Amino acid sequence: MAKRKVRPMLMDAKYVRRRRWAATAIIGVAVFIAMLLYPVLDSIAEGACVTQLDGKSEWAVEYSRQLGEYPYE
């Protein structure tokens, strides 16, 4: 089998420029969507961390009370 040759028109400046603009547009849209999603996802992650820390602190207080080492009543 013969190798397929690259068509010369695909390497024309016009098509190279179009591909470059398309790649730039795709990257720009991806960055824009990431910037829109960042605050939402950040608040979800922060809420999960706070909930986990609250659960751990409640467990620590209960454990200290069981041992009789919790000074606050």
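Further up the page is the structure itself.
All values derive from a computational prediction rather than experimental measurement. (Residues numbered from 1 in each chain as written. Predicted model: local features only at pLDDT ≥ 70, side-chain atom pairs only at ≥ 80, totals over all residues. Heavy atoms only, no water.)

**A short note on the overall build of the protein chain**
Link 1 in the chain: Per the secondary structure count, the protein chain includes one helix and zero strands.
Link 2 in the chain: Since a compact globule built from 73 residues should have a radius of gyration of about 11 Å, the 29 Å found for the protein chain marks it as more spread out than a globular shape.
Link 3 in the chain: Dimensions of the protein chain, computed from the C-alpha atoms along their principal axes, are close to 85 × 35 × 10 Å.
Link 4 in the chain: Scored against the burial criterion, the 73 residues of the protein chain give a buried share of 0%.
Link 5 in the chain: Working note: accessible area of the protein chain is about 7,200 Å², and carbon and sulfur atoms make up 66% of it. (Helix = DSSP H or I, 4+ residues; strand = E, 2+ residues; numbered from the N terminus. Rg over C-alpha atoms; globule rule 2.2 N^0.38 Å. Buried < 20%, exposed > 50% of the residue type's maximum accessible area, 1.4 Å probe, protein only. Areas by Shrake-Rupley, 256 points an atom, 1.4 Å probe, with all protein chains shown as cover.)

**Quick word on a positive patch on the surface**
Link 1 in the chain: A surface patch of like charges, here positive, comprises Lys14, Arg17, Arg18 and Arg20.
Link 2 in the chain: In this structure arginine 18 comes out as exposed when scored by relative accessible area, which is 52%. (Patch = residues over 30% accessible without salt bridge, like charges linked within 9 Å, V, L, I, M, F, W, Y side chains within 5 Å. Salt bridge = Lys/Arg side-chain N within 4 Å of Asp/Glu carboxyl O. Lys, Arg positive; Asp, Glu negative; His and termini not counted. Charge placed at Lys NZ, Arg CZ, Asp CG, Glu CD.)

**Details of the packing of aromatic side chains**
Link 1 in the chain: Counted by the stated rule, this structure contains one aromatic pair.
Link 2 in the chain: Ring centres 5.3 Å apart and planes at 10 degrees place the aromatic pair tryptophan 59 and tyrosine 63 in the stacked group. With tryptophan 59 and tyrosine 63 both in helix 1 (residues 13-67) and four residues apart, this pair spans about one turn of that helix.
Link 3 in the chain: Judged by its relative accessible area of 58%, tryptophan 59 falls in the exposed class.
Link 4 in the chain: We classify tyrosine 63 as partly exposed; its relative accessible area is 42%. (Phe/Tyr/Trp six-rings, centres within 6.5 Å; stacked < 30°, edge-to-face > 60°.)

**Quick word on helix 1**
Link 1 in the chain: The terminal C-alpha atoms of helix 1, which comprises 55 residues, lie 78 Å apart, in line with the 81 Å expected from a rise of 1.5 Å per residue.
Link 2 in the chain: Leucine 37 marks where helix 1 bends most, by close to 35 degrees; the proline proline 39 follows one to four residues later.
Link 3 in the chain: Two residues or fewer past helix 1, glycine 68 is found with a positive phi of approximately 80 degrees. (Expected span 1.5 Å × (residues − 1). Bend = angle between axes of the 7 residues up to and from the residue.)

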